[in-house]
Amino acid sequence: LGGQGDGAGTHRVWKRDDFQIFVPTPAEYQGRAYLVRHRGQVVCLDPTTGKTIWKDAFPKSSANYYSSPLIANGNLYVAREDGVVFVANVESGFELVAKNDMQERIIASPIPVANRLLFRGDNHLFCVSD
């Protein structure tokens, strides 16, 4: 804030060139940033310093991750292009807790609404709740 023109020299806090995020927007939870790369790698970092806290990955596949991650109640939700939705607990590291095949392509980001999650597939809108 407060910069003009190219503020990279005076207003950039940090820069990382060692990983690229293709489409998904990072998520923030309890002062940490969570990045999901298009092949399913997950990076948790400190947004004030840019330092990596931990790295892990969702199961490998030929399908990409285009949806942005969502974190709710300590769980990271992410949909893979082939329609598989993963849930990983990120409270103290990375622990894969669920895999749900929605049986159709999903590239949209999950949305929280009234204690439910909405996932938009190519042909359906899925509402998930307990």
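Above this text you will find the structure in question.
Quick caveat: nothing in here was measured; it's all calculated off a predicted structure.

Novice: Would you mind going over the pairing of strand β10 (residues 116-120) with me for this structure?
Specialist: Both faces of the sheet carry side chains from a regular strand, because those side chains alternate between them. Going residue by residue along β10, you find Leu117 and Phe119 tucked away on one face and Arg116, Leu118 and Arg120 left uncovered on the opposite face. Relative to β10, strand β9 (residues 111-113) runs antiparallel, the two being bridged by 3 bridges. In the sheet register, Pro112 faces β10, and the bridge partner there is Leu117. With antiparallel pairing between neighbouring strands as the criterion, β9 and β10 make up a hairpin whose turn holds 2 residues, including Ala114 at a positive phi of roughly 50 degrees. Where β10 lies against strand β11 (residues 125-128), 4 bridges are found, and the strand directions are antiparallel. Considered in β11, the bridge of Arg120 is made with Leu125. Count of turn residues in the β10/β11 antiparallel hairpin: 4 residues.

Parameters and conventions
- Residues numbered from 1 in each chain as written.
- Predicted model: local features only at pLDDT ≥ 70, side-chain atom pairs only at ≥ 80, totals over all residues.
- Heavy atoms only, no water.
- Buried < 20%, exposed > 50% of the residue type's maximum accessible area, 1.4 Å probe, protein only.
- Helix = DSSP H or I, 4+ residues; strand = E, 2+ residues; numbered from the N terminus.
- Pairing = 2+ DSSP bridges.

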